[in-house]
Amino acid sequence: MKINHFIYVAIVALFFLSSCKQKEKEVVKNAVSFQAEAFPLSDTRLLDGSPFKHAMDKNAQWLLELEPDRFLHRFRTNAGLEPKGEIYGGWESDKVSGHTLGHYMSACAMMYAASGDKRFKEKVDYIVEELAICQEARKTGYVGGIPEEDRIWDEVSRGDIRSAGFDLNGGWVPWYTQHKIWAGLIDSYLYADNEQAKQVAIKLTDWAVRMFGGLTDDQFQQILACEFGGMNESLAEMYAITGNQSYLELAEKFYHKAILDPLKEQRDELAGKHSNTQVPKIIGIARLYELTGKEDYYKIATFYWDRMVNHHTYVNGGNSNHEHLGEPDHLNDRLSPSTSETCNTYNMLKLTKHLFSWETKAAYMDYYERALYNHILASQNPDDGMVCYFIPLQSGTRKAFSSRFDSFWCCVASGIENHVKYAESVFFKSNNGGLMLNLFIPSSLHWKERNMDIRMETQFPEKEEIKISFSGKKQTFPLYIRYPKWAVKGLTATLNGKDIPVNGIPGSYFSIEEEWGDGAELILKVPCSVYTESMPDNPDRIGIFYGPLLLSTGLGNEPLEEYNVPVFVAKDRNIKDLITPVPNEPLTFTAGDASVPKDLKLTPFYKMYGQNHAVYFDVFSPEEWAAKYPKYLEMIKKKEELEARTVDILRVGEMQPERDHNLQSENSSAGEAAGYKFRHAQNGWFSFTVKTDPQKAQQMQCSFWGEDKEKRNFDIYIDDVLFKSVSLQGKHGPKVYDEIYDIPAFFTKGKEQITVKFQSKPDNYAGGLFGFRILLKK
């Protein structure tokens, strides 16, 4: 259906006038044109019945249980006021206290917008009022909850600047923490209509300009050696909502040359860099591009996104190993219990949203969808709403979730935002008055400019049908629908029972320009299929997908040996056609004879928790497996021989076995890594009693973590006599390895048991010890 040119121009003009009203809180308009913009979160709603709505509801429950006064403890203390609540544990009781409060403000403000539930606005309003009280008590405009903050800021403002990377003048990432407060105040204003939040933020920003605006560029580069979050983004937003030019000038001083100049010159020098330190800087650069139009900022943001997504990202959409990046396209040997930090993906989605607004490339939303399902949704425990710091991708590892009130890691703080805003990118409005459908998540939209309601109902990807209904006065405009890159089986559309031609290909958008409104019902069918993606540096190590979903398999709760990890065996290494759905079990597949062990079950990774898992799988041809299988049998034989030689074994870190072995300790604690329990002692010791053979030669087998090296120097005693001094060097990679020590006969002769003690050197750790055996010597 065609539309008269003059009517079209009128519609576009009306669209932009209405759109301006939505952005009336920003007094500085963007200097660049957008191809599309997200709808206000308050105009969208998730519908019941999807895992996204379930995750949002679990998160809402947690937000309501958290107590603002406990987050405000140090803010009041630092302002000379009596705290009203006991400080929370974890990072809040450490040197980075305050960061969670900012995220909590943002999460509650967005939850209010996304749900309309006034309980979340009440939380926001209370916190803002308390921060205003603290700010007034201090008389400087500053407000914060960082230990020793006054000393730190005073020294830095005078040009006395010291940093070793994660500290600034002895404070743990103070600008990073303050960025969260700025962001929380800005979000409280933008999402929860709290005018007082804007005023508190203005006074805080005036303080920053007064204290640091006079520092030289060289001095600022010294400051920026320490992680500073997205300070450039928050200061840019303050400029946008006030028009104060000094805020923009300060935002642009937060330009970290060591990171941003190579990106400007289209060089990837990210290897070895802490990943999440960089992403917020790029988000700030993206916002500055929008406000200034500076082409260098565009080049930095787009080049960075391409390098991260296409050269540093795992199959789940996450990046980094132990929080750091490696060489581009080298991921095969970078699998561990600490892959894909969740904060990184939280920030990558924010950056992607900016870039998609500039250029509506399907590749941006293809990535967004993958990361949303397979990292963000997968990072939450669906039973209680707790969240992950890392999403481990090494086979045999498992997701480790936060506690409810005592973790408050960075990924807990960003995590309470993650599960609030799933609806924010489902629909966008295009710059020609059209509607863009980006994600197939059950949701509704109230399009104020057109006085129209759009409702998307679906059980996708469990079922392929997606129903989109429209209500409101009939109007003609283009509807742009993402044709996912993975939708290789084709995509069909019918409007009110009539077939609509789909003029697109996978990895693009196609358009339907029709009359939409009361009675219009569009049915999309988007069939999913199984496909695989390889490691960039190992074509024989794959991830398996069904549509947008990364699949995984559960591996139980016991630590795994190499021969326990599933593999695939297939002619030509092509397994996708050998994986079939399990009848009457939605989104469940079996590999049949293609896997070892046979009939391996595969389910969506976002549903995998509470046990060890595998996400990446090695693939062999039948000939390769025939050659390798005897090696697996040999490993099993060695395991059986080890059991036969074992005189006694201590299952370290487990309560009953440690009691059975009379564990004693001082300054010692147990933990878990990669599915293995361990015990160590900091400036302390632990001891236990084990059986021995009074007649035979024996050995001691100690299991350690292959990357442990910092301050891991300790002595091992047998019956209070020094047996061995150990210094862990971290040379064995991200795995548990064994050290075997011969025990001189005089230690065990005539004894049926001995007491073994691990004693740390001063200012060091003893252990971590991951396993212990007394063995008969061969």
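All figures in this text were calculated on a predicted structure; none of them were measured in a lab. (Residues numbered from 1 in each chain as written. Predicted model: local features only at pLDDT ≥ 70, side-chain atom pairs only at ≥ 80, totals over all residues. Heavy atoms only, no water.)

(A) Looking closely at the pattern of salt bridges. Under the criterion given, the structure shown has 44 salt bridges. Of the charged contacts, one joins R482 and E369 as a salt bridge, the two residues approaching to 2.6 Å between their closest N and O atoms. Taken as a pair, R482 in strand β10 (residues 475-483) and E369 in helix α17 (residues 362-376) lie far apart in primary sequence, 113 residues in all. The same class applies to R482 and to E369, which are both buried. The shortest N-O distance in the salt bridge between E585 and K601 comes to 3.1 Å. Taken together, the residues span a long stretch of sequence, with E585 in the loop between β19 (580-581) and β20 (589-590) and K601 in strand β22 (residues 601-604) at a distance of 16 residues. Residue E585 is classed as partly exposed on the basis of its relative accessible area, which comes to 33%. (Salt bridge = Lys/Arg side-chain N within 4 Å of Asp/Glu carboxyl O. Helix = DSSP H or I, 4+ residues; strand = E, 2+ residues; numbered from the N terminus. Buried < 20%, exposed > 50% of the residue type's maximum accessible area, 1.4 Å probe, protein only.)

(B) Spotlight on the sheet that holds strand β28 (residues 698-705). If you trace the 4 strands from one edge of the open sheet to the other, you get β25-β34-β28-β31, paired in antiparallel fashion. In the strand order of this sheet, the two ends are held by β25 (646-650) and β31 (736-743), each with one partner. With direction set aside, neighbouring strand axes in the sheet form an average angle of 20°. Bridge count between β25 and strand β34 (residues 771-776): 4 bridges; the pairing is antiparallel. Bridging from a neighbouring strand, I649 pairs with R773 of β34. (Pairing = 2+ DSSP bridges. Axes fitted to C-alpha atoms, helices over the stretch in contact; angles between N-to-C directions.)

(C) Broad picture of unusual backbone geometry. Of note, the bond from F460 into P461 is cis; its omega dihedral lies within 30 degrees of zero at 0°. As for its placement among the helices and strands, P461 is situated in the loop between β8 (452-458) and β9 (465-471). You will see that H322, though not glycine, has its phi angle at about 50°, which is positive. Within the secondary structure layout, H322 lies in the loop between α15 (295-311) and α16 (342-358). Here H322 falls in the partly exposed class, since its relative accessible area comes to 30%. Its identity is not glycine, yet N584 carries a phi of approximately 65°, on the positive side. With respect to the helices, strands and loops of the structure, N584 is situated in the loop between β19 and β20.

(D) Looking closely at the nonpolar core. W175, L435, W516, L522, L524, I544 and F568 are the most contacted members of the largest nonpolar core, which has 210 residues in total. Tallying contributions element by element places helix α5 (residues 99-115) first for this core, with 11 residues. If we skip the residues at most four places from it in the chain, W516 touches M452, F470, K473, K474, Q475, F477, L479, L495 and L522. Of all hydrophobic cores here, the second largest spans 27 residues; its members include V652, V690, I718 and L728. (Core = buried A, V, L, I, M, F, W, Y, C linked by side-chain atoms within 4.5 Å. Contact = heavy atoms within 4.5 Å.)

(E) Main features of the sheet that holds β9. Taken in spatial order, the 7 strands make up an open sheet running β2-β7-β8-β9-β14-β11-β12, and their pairing is antiparallel. Looking at strand neighbours, the two that pair on one side only are β2 (44-46) and β12 (498-500), the edges of this open sheet. With direction set aside, neighbouring strand axes in the sheet form an average angle of 20°. Where strand β11 (residues 492-495) lies against β12, 3 bridges are found, and the strand directions are antiparallel. If you follow L495 over to β12, its bridge partner there is K498.

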